[in-house]
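For reference, the chains in residue letters:
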There are 2 protein chains.
Amino acid sequence: MFLVGDIGGTNARFAIARTTDDQGIVISDFEKFNAQQFDRFDDTMNKFVEGIGVRPSLAVLAVAGPIHNGEVKLTNRSWQLNANDLSRSCRIDEVCLMNDFTAMAFSVTRIGDDSYIDLKQGKALDNAPMLVAGPGTGFGSCLLIPSNGEYHALACEGGHSLFVPRSDLDRAVLDILSRKHDAVSVERICGGGYLDELTAAIAEIHGVQTPALTPQEIIENGEAGDALCRDICQIRADVIISSLANMALVGGARGGIVVAGGVARHLSKFLTDKKTIERFAAVWPQGDFLQHIPIRLLVNPLAPLVGAAAHYLRYENNE
Amino acid sequence: MFLVGDIGGTNARFAIARTTDDQGIVISDFEKFNAQQFDRFDDTMNKFVEGIGVRPSLAVLAVAGPIHNGEVKLTNRSWQLNANDLSRSCRIDEVCLMNDFTAMAFSVTRIGDDSYIDLKQGKALDNAPMLVAGPGTGFGSCLLIPSNGEYHALACEGGHSLFVPRSDLDRAVLDILSRKHDAVSVERICGGGYLDELTAAIAEIHGVQTPALTPQEIIENGEAGDALCRDICQIRADVIISSLANMALVGGARGGIVVAGGVARHLSKFLTDKKTIERFAAVWPQGDFLQHIPIRLLVNPLAPLVGAAAHYLRYENNE
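Residues numbered from 1 in each chain as written. Chains lettered and ligands numbered in written order. Predicted model: local features only at pLDDT ≥ 70, side-chain atom pairs only at ≥ 80, totals over all residues. Heavy atoms only, no water.

## Re the overall build of chain A
The line we're drawing: Numbering goes from the N terminus for both helices and strands, where a helix is a DSSP run of H or I of at least four residues and a strand is a run of E of at least two. Atoms considered for the radius of gyration are the C-alpha atoms alone. The globule rule reads 2.2 Å times the number of residues to the power 0.38. Note on contacts: a residue pair is in contact if any heavy atoms of the two residues lie within 4.5 Å. We score Asp and Glu as negative and Lys and Arg as positive, and we do not count His or the chain ends. By convention, the point assigned to a charge is CZ for Arg, NZ for Lys, CD for Glu and CG for Asp.
Along its length, chain A carries 12 helices and 13 strands. A globule of 319 residues ought to have a C-alpha radius of gyration of about 20 Å, and chain A, at 20 Å, matches this closely. For the C-alpha atoms alone, the extent of chain A along its principal axes is close to 55 × 45 × 35 Å. Put simply, 67% of the contacts in chain A that link residues at least 6 apart link residues at least 24 apart. Across chain A, the mean location of the 28 positive side-chain charges is 3 Å away from that of the 39 negative side-chain charges.

## A word on unusual backbone geometry
For the record, the criterion: Only protein chains enter the accessibility calculation, which uses a 1.4 Å probe; a residue whose area is less than 20% of its type maximum is buried, one above 50% is exposed, and one in between is partly exposed.
Despite not being glycine, Gln23(A) has its phi angle at roughly 70°, a positive value. By the element assignment, Gln23(A) lies in the loop between β2 (11-19) and β3 (25-34). Classification of Gln23(A) by relative accessible area gives exposed; the value is 53%. Here Asn148(B), not a glycine, exhibits a phi torsion of approximately 50°, which is positive.

## Observations regarding the pairing of strand β1 (residues 2-7) of chain B
Residues and elements named next belong to chain B. In plain terms, the rule: Note on pairing: DSSP must find at least two bridges between two strands before they are called paired.
Where burial is concerned, most of β1 is hidden: 6 out of the 6 residues are buried. Residues of β1 alternate between two faces, with Phe2, Val4 and Asp6 on one and Leu3, Gly5 and Ile7 on the opposite face, all of them buried. The sheet contact formed by β1 and strand β2 (residues 11-19) spans 6 bridges and is antiparallel. From the neighbouring strand, Phe2 faces β2, where its bridge partner is Ala17. Where β1 lies against strand β4 (residues 58-63), 5 bridges are found, and the strand directions are parallel. Across the sheet, residue Asp6 finds its bridge partner in β4, namely Ala62.

## Description of the interface of chain B and chain A
Convention followed: Defined in terms of a 1.4 Å probe, buried area is the accessible area two parts forfeit on being brought together, summed over both. When a carboxyl oxygen of Asp or Glu is within 4 Å of a side-chain nitrogen of Lys or Arg, the pair counts as a salt bridge. In the analysis that follows, any N or O atom pair within 3.5 Å is treated as a polar contact, provided that within protein one partner can donate a hydrogen and the other can accept it, and provided that, for residues neighboring in sequence, both atoms belong to side chains.
Taken together, the contact pairs 30 residues of chain B with 30 residues of chain A. It is His160(B), Leu162(B) and Val250(B) in chain B that bury the most area against chain A; as a group they hold 23% of the surface buried on that side. Taken together, the connections running from chain B to chain A amount to 0 salt bridges. For the pair chain B and chain A, the interface holds 8 residue pairs in polar contact (both at pLDDT 80 or more).

## Topic: the side chain of Asp238(B)
All names here are of chain B. By the element assignment, Asp238 lies in helix α8 (residues 227-251). Separated by 3.3 Å, the side chains of Asp238 and Arg279 make a polar contact. When neighbours within four sequence positions are excluded, Asp238 is seen to be in contact with Thr276 and Arg279.

## Some thoughts on empty space enclosed by the protein
The condition is simple: With a 1 Å grid spanning the protein atoms alone, the term cavity applies to any set of points in which a 1.4 Å probe fits but cannot get out, the term pocket to an open set with protein on both sides within 12 Å along at least five of seven lines, and the term lining residue to any residue with an atom within 4 Å of a point. Grid points are joined across faces, edges and corners, and a volume is the space filled by probe spheres set on the points.
Scanning the entire structure with this criterion turns up 1 cavity of 30 Å³ or more. Counting only elements with at least two residues in the lining of the largest cavity, the list comes to α8 (227-251) of chain A together with α8 of chain B.

## Quick word on the relation of the copies chain B and chain A
Selection rule: Superposition of the copies used a least-squares fit over C-alpha atoms from residues whose pLDDT is at least 70 in both.
It takes a turn of 180° to lay chain B on chain A, together with a shift of 0.0 Å along the axis; the resulting RMSD is 0.0 Å. On the angle and the small slide along the axis, the relation comes out as a two-fold axis. Comparing interface residues between copies, 100% of those in chain B also sit at the interface in chain A, which points to an isologous, same-surface contact.

## A closer look at the pattern of salt bridges
All names here are of chain A. By the definition in use, this model includes 24 salt bridges over all chains. With a shortest N-O distance of 3.7 Å, Arg13 and Asp6 are connected by a salt bridge. As far as burial versus exposure is concerned, Arg13 and Asp6 are alike and both buried. A salt bridge links Glu278 to Lys274; its shortest N-O distance comes to 3.2 Å.

## A look at the sheet that holds strand β1 (residues 2-7) of chain A
Residues and elements named next belong to chain A. For the record, the criterion: Between N-to-C directions, angles cover 0 to 180 degrees, with each direction set by a line fitted to C-alpha atoms, over the stretch in contact for helices.
Strand order in this open sheet of 5 strands is β3-β2-β1-β4-β7, and the pairing throughout is mixed. Bordering the open sheet on either side are β3 and β7 (94-99), each of which pairs with just one other strand. The average undirected angle you get between the axes of adjacent strands in this sheet is 20°. Sheet topology places strand β4 (residues 58-63) next to β7; 6 bridges connect them, and they run parallel. Along β7, the bridge assignment pairs Leu61 with Leu97. Running at roughly 45° to β2, helix α1 (residues 41-52) makes contact with β1, β2, β3 and β4 of the sheet. Here helix α3 (residues 100-107) sits on the sheet in contact with β1, β4 and β7, set at roughly 85° to β7.

## Describing the domain arrangement of chain A
Residue and element names in this part refer to chain A. Heads up, the rule is: Domain start and stop positions are those given by an automatic or database domain assignment.
When its domains are assigned, chain A resolves into domain 1 (2-106 + 302-318) and domain 2 (114-299). Centre-to-centre, using C-alpha coordinates, domain 1 lies 26 Å away from domain 2. Listed by partner, the interface residues are 13 residues for domain 1 and 19 residues for domain 2. Taking both partners together, domain 1 and domain 2 bury about 1100 Å²; carbon and sulfur atoms supply 62% of that area.

## Side note on α8(A)
Along an α-helix, residues three or four positions apart point the same way, because every turn accommodates 3.6 residues. All names here are of chain A. This is how it is decided: In a helix, the anticipated span is given by 1.5 Å times the number of residues less one.
With 25 residues, α8 should reach 36 Å at 1.5 Å per residue; the first-to-last C-alpha distance of 35 Å fits that figure. Of all 25 residues in α8, 22 are buried; the element is thus mostly enclosed. Once α8 finishes, Gly252 follows within two positions and takes phi at roughly 60°, a positive value.

## Examining the sheet that holds strand β13 (residues 295-298) of chain B
Residue and element names in this part refer to chain B. Strand order in the open sheet made by the 6 strands is β8-β13-β12-β9-β10-β11, with mixed pairing throughout. Every other strand in the sheet has two partners, leaving β8 (116-120) and β11 (150-156) as the edge strands with one partner each. Sheet twist, expressed as the mean angle between neighbouring strand axes with direction ignored, is 25°. Direction of pairing for strand β9 (residues 130-135) relative to strand β10 (residues 139-147): antiparallel, over a ladder of 6 bridges. Across the sheet, the residue bridging to Ala133 is Ser141, located in β10. The strands that helix α3 (residues 100-107) touches are β9, β10, β11 and β13; relative to β10, the one it contacts most, it runs at about 50°.

Structure below.
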């Protein structure tokens, strides 16, 4: 058994991973912590370990940020994680850090169909790249490149690519955000970390005061038909789908697309809308490249934990 | 010795390739044919073969279009090429077809520094993907993915991704082209095959009649400072650079970027402008990802021929 973690800008999730005789991975003892309630990451992980009553000798952590030399600064939070320091302060022999979207991507090769909602039917091409991308606090993207019968995960930064306006609402939002920012990225529209600014922009377009709503309230009100909240949810869903089309063309992702991330999961009602999904193939209506690509929404919140475990085991086996 | 060809929407180029004792590739007998002067591709290739006076037993052709089962329909021309039919009608034992951007990408591993103009200094990351992309008649893109010490070419369709407007000129052009097209791609702005439509749009913005100018005249007049032609060249150069930034983020191209294609080559005066290049890193000003990526303009028109030969030899050696 070993500890697995999924450390994002908003939540830190931990669990215990065990392997089965047939190379399966079982996740148990799942617990979620609100990151804002802890000054130091060590305290969060120690609290989890104390709760389960056993101190594991290995921790594999998927973290929302680029890893360099066993260290990572979270993209959307002030936490800095260092594998050696964590090993000491949490008394865990080995701490392994990996990018959360790399973990997310590896989960795709391990989890079943019940972890997904189908957004778009299609026919995945054998031996072609897959794209795993979507918004949580930020907007992660990863290409899975087939290589000698398995996949090699290529962590990318597609969420920082520029957002392409396609509707009147898109253009109005771009005009407002462009006053403050030279570049308006996909992440800035879809990422949970930028919701306040998007809400203010859409309130301005509606000519009303910016409402004081939680992210969850915005989605609930949007689903219930409130015009302002619906626009917020709709633009995020639209931009997710448009940017996936651009990313699929650039990365040759004919092997299929998995939409991942907590925000994507919460926007499922908008992402499953037929009109929203039609934006995908409409990016290149003359070609059949996009038409054939299947898109699935990853709705299993344990997926990054499975992926972290899978990636670690694979790495260990290859050593 | 064997025949190599580079078959685009506007020109067909042929040459003879020879290998040297140290695995080098020497290209000779280069000849360029205007595709419009020939109804059938066979006639063009036969004319070249008759000119050199020797009938080679092998032809390796880099073609602007997707290859399926030894057959390709050119993306921007009515020609359809079939390897078996060509072998018969041109009396060449073996005809091998490959995508032109795959060939272009493979040339990058074979040609010297004098084949390039540096557009942006940087530090290529070892063992990271490279991006080879740019406009000819269309807009090709290819990711070179490092794998076990060599590169694997991943032919992509980045040119069909949506064009992101960033300047007033960009937005005005998008408004005009959007009247006719649901989606305005990077290719539609930069590709040689779409120049008439772009010229008409910019003439409309300038409030003048669409001028009857050849592509070469537009570039010459633009370089000389003519306002209309300068805008045409500038928007194409700007959109090339912006789209390369988006593609680099999506494809993780920290190994460097090579701007390829005949149109890119002809726009060198605009692409080498400091202000144009500054658009690249400005796509993600907060991160240092784009800042470090070097960009080079491929100015050697023989590169696809070298790449076609290199790809064939590698394939043959791996059999």
